[in-house]
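# Structural description and commentary
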Amino acid sequence: MSDFKVHQRDGEGVSVIELKGYLDAHTATELESAFQKLLNEKKYNIVVNCRDLSYISSAGLGVFMAYIEDVRKNRGDIKLTNMSAKVYNVFDLLGFPILYEIFKDEKEAVIRFKEGKKG
Amino acid sequence: MSNPSKKISRTFPSRTEQLLEVREFVSEAAREFGFDDEEVANIALAVDEACTNIIKHAYQYARDKEIQITVNREHDVFEVRITDEGRPFDPAHLRTPNLQDHLTHYRKGGLGVYLMRRLMDAVEYNIKPGSRNEVRMVKNLFRAPSNTRK
């Protein structure tokens with residue numbers, strides 16, 4: 001039984017990973033594996049949908065920090081969406097809104113990637 | 001809600017899979033004391049961060065060690081003491097990181113202590129080299145004012 005699940009969906013030029021449950025020092029390796037898999041597949045336009053994410057600690061936030069540089073070097077980005085107020089609060093306390101684009105809804109993040117391509 | 005036993009203590013194995021139970025233990029104690037959901041979540045996160053640091057740094061992921069968590073609830077003060085017998089905490093980590101600098105250089109880790117300090121009213125380390133380390137965290141409860149005057 002796992003307290004955390006990652007599910008990947010691939011759309012047109014954008015990959016969405018959905019997070020569910022509790023992201024802490026125990027489960028952070030599962031998110032690392034998901035990002036590593038995306039990099040191996042050369043998928044750099046990544047939306048992380050946090051709708052069902054109940055909890056995040058700094059170990060989980062550290063995973064985003066660990067991969068953002070590689071993703072951006074490859075002209076991609078990690079955009080975050082659908083956070084609960086509780087989860088957003090932790091991101092906010094650590095100043096993540098400076099570094100990451102955070103959207104209310106997944107669609108907005110996908111549109112932003114598509115706009116970026118045109119420009 | 002009313003008059004929970006003042007002091008409770010529990011020992012957890014030094015394993016990350018215990019973090020969920022650690023959070024549940026502390027959340028229940030905080031909720032009983034009268035904290036609202038947001039404050040309960042903040043206290044649980046601070047304790048998770050402290051235990052994660054112990055597992056990673058003090059015990060270096062050794063799975064057969066112990067972490068003791070003691071909660072003292074007195075008047076309007078909620079105090080958590082977390083002790084381990086691992087490597088002493090490096091006081092260099094006590095420095096408050098420059099968050100902007102930290103983030104713009106994409107540095108991984110080291111944010112736990114910063115979060116603990118932001119989430120709790122007081123965080124202090126008592127380190128006894130060769131014996132045990134203790135982190136003490138305090139959160140004050142602001143109850144609705146009563147009609148009685150002092």
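Predicted model only: the values in this text are computed from it and were never measured. (Residues numbered from 1 in each chain as written. Chains lettered and ligands numbered in written order. Predicted model: local features only at pLDDT ≥ 70, side-chain atom pairs only at ≥ 80, totals over all residues.)

## Topic: the overall build of chain B
Test applied: The secondary structure listing takes helices from DSSP runs of H or I that are at least 4 residues long and strands from runs of E that are at least 2 residues long, numbered from the N terminus. With C-beta atoms placed from the backbone, the exposure class of a residue follows from how many other C-beta atoms lie within 10 Å of its own: 20 or more, buried; 12 or fewer, exposed; in between, partly exposed. Note on contacts: each residue gets a C-beta atom placed from the backbone, and two residues are in contact if those atoms are within 7 Å.
When helices and strands are tallied, chain B shows four helices and five strands. In chain B, buried positions account for 33% of the 150 residues. Considering only residue pairs separated by 6 or more positions, chain B has 66% of its internal contacts joining residues 24 or more positions apart.

## Comments concerning the overall build of chain A
Per the secondary structure count, chain A includes five helices and five strands. Listing each helix as α and each strand as β along chain A from the N terminus yields β-β-α-β-α-β-α-α-β-α. Expressed as a percentage of the 119 residues in chain A, the buried residues total 42%. Within chain A, contacts between residues separated by at least 24 positions form 71% of all contacts whose residues are at least 6 apart in sequence.

## Digging into the interface of chain A and chain B
We apply this condition: Three residue categories are used. Nonpolar comprises Ala, Val, Leu, Ile, Met, Phe, Trp, Tyr, Cys and Pro, charged comprises Asp, Glu, Lys and Arg, and polar comprises the others, including Gly.
Contacts between chain A and chain B engage 21 residues on the former and 21 residues on the latter. Of all the secondary-structure elements, those providing two or more residues to the side of chain A that touches chain B are α2 (58–73), α3 (85–93) and α4 (96–99) of chain A. Here the side of chain A that touches chain B gets eight residues from one element, more than from any other, and that element is α2(A). Class assignment for the residues of the side of chain A that touches chain B results in 12 nonpolar, five polar and four charged.

## Brief notes about the sheet that holds strand β2 (residues 66–74) of chain B
All names here are of chain B. For the record, the criterion: Pairing between strands is defined by DSSP: at least two bridges between them are needed. Think of each axis as a best-fit line through the C-alpha atoms, taken over the contacting stretch in the case of a helix, with angles from 0 to 180 degrees between the N-to-C directions.
Read from one edge to the other, the open sheet built from five strands follows the order β1-β2-β3-β5-β4, with strand pairing classed as antiparallel. If you trace the sheet from one side to the other, it starts and ends with β1 (7–13) and β4 (122–128), each paired once. Each neighbouring strand pair of the sheet contributes to a mean axis angle of 15 degrees, computed without reference to strand direction. The pairing of β2 with strand β3 (residues 77–84) spans seven bridges and is classified as antiparallel. Paired with Asn72 across the strands is Glu79, a residue of β3.

## Things to note about the packing of helix α1 (residues 19–33) of chain B against helix α2 (residues 37–58) of chain B
All names here are of chain B. How we decide: In these notes the angle categories are as follows: under 35 degrees is roughly parallel, over 145 is roughly antiparallel, 65 to 115 is roughly perpendicular, and the rest is oblique. Should the near helix be turned anticlockwise from the far one by less than a right angle, the crossing is termed left-handed; should it be turned clockwise, right-handed.
Interaxial distance between α1 and α2 falls to 9 Å at its minimum, and their mutual angle equals 140 degrees. When the axis of α1 is compared with that of α2, the two are oblique. With respect to the hand of their crossing, α1 and α2 are arranged in right-handed fashion. Residues Leu19, Val22, Arg23, Val26, Ser27, Ala30 and Arg31 of α1 pack against Glu39, Val40, Ile43, Ala44, Val47, Asp48, Cys51 and Thr52 of α2. For the contact of α1 with α2, a count of residues per class yields nine nonpolar, two polar and four charged.

## Regarding the confidence of the model for chain B
Here is the rule we go by: Scored between 0 and 100, pLDDT is the confidence that the predictor attaches to each residue.
Confidence in the prediction of chain B, expressed as mean pLDDT, is 87, and 80% of residues score 70 or more. In the predicted complex, the global pTM is 0.90; the interface-specific ipTM is 0.92.

## Looking at α3(A)
Since the α-helix turns once every 3.6 residues, residues separated by three or four places project in the same direction. Quick reminder of the rule: By definition, the arc is the one covered by directions from the helix axis to the C-beta atoms.
Looking only at α3(A), the buried set comprises A:Val87, A:Val90 and A:Phe91. The arc enclosing the buried residues of α3(A), seen along the axis, measures out at 100 degrees, which places them on a common side. At its buried positions, α3(A) is contacted by β3 (45–56), α2, α4 and β5 (102–103) of chain A together with α2 of chain B. Immediately beyond the C-terminal end of α3(A), within one or two residues, lies A:Gly95, with a positive phi of roughly 75 degrees.

## Notes on unusual backbone geometry
The phi dihedral of A:Arg75 is positive, around 60 degrees, even though this residue is not glycine. Note that A:Arg75 resides in the loop between α2 and β4 (77–81). Classification of A:Arg75 as exposed rests on a count of 10 C-beta atoms within 10 Å. Even without glycine at this site, B:Tyr61 takes up a positive phi of about 65 degrees. Here B:Tyr61 shows up in the loop between α2 and β2. The class for B:Tyr61 is exposed, based on 12 C-beta atoms found within 10 Å.

## Comments concerning the nonpolar core
What counts here: Here a nonpolar core is just a set of buried residues of the types Ala, Val, Leu, Ile, Met, Phe, Trp, Tyr and Cys, joined wherever their C-beta atoms sit within 7 Å.
A:Leu23, B:Val26, B:Ala46, B:Val47, B:Ala50 and B:Cys51 are the most contacted members of the largest nonpolar core, which has 70 residues in total. Among the elements that take part in this core, α2(B) stands out by supplying 12 residues, more than any other.

## Here we look at α2(B)
Residues and elements named next belong to chain B. What counts is decided by this rule: Multiplying 1.5 Å by the helix residue count minus one yields the expected span of that helix.
In a regular helix each residue adds 1.5 Å, so 22 residues correspond to 32 Å; α2 covers 30 Å between its end C-alpha atoms and thus fits that length. Here α2 lies mainly inside the structure; 17 of its 22 residues are buried. Residue Gln60 follows α2 closely and has a positive phi angle near 50 degrees.

## Concerning the sheet that holds β4(A)
Residues and elements named next belong to chain A. Taking strand neighbours across the sheet as the criterion, the five strands line up as β1-β2-β3-β4-β5 in an open arrangement whose pairing is mixed. Strand pairing shows two members of the sheet lacking a second neighbour, β1 (4–10) and β5, which therefore form its edges. Each of β2 (15–23), β3 and β4 touches α2; the most contacted strand, β4, lies at about 140 degrees to it.

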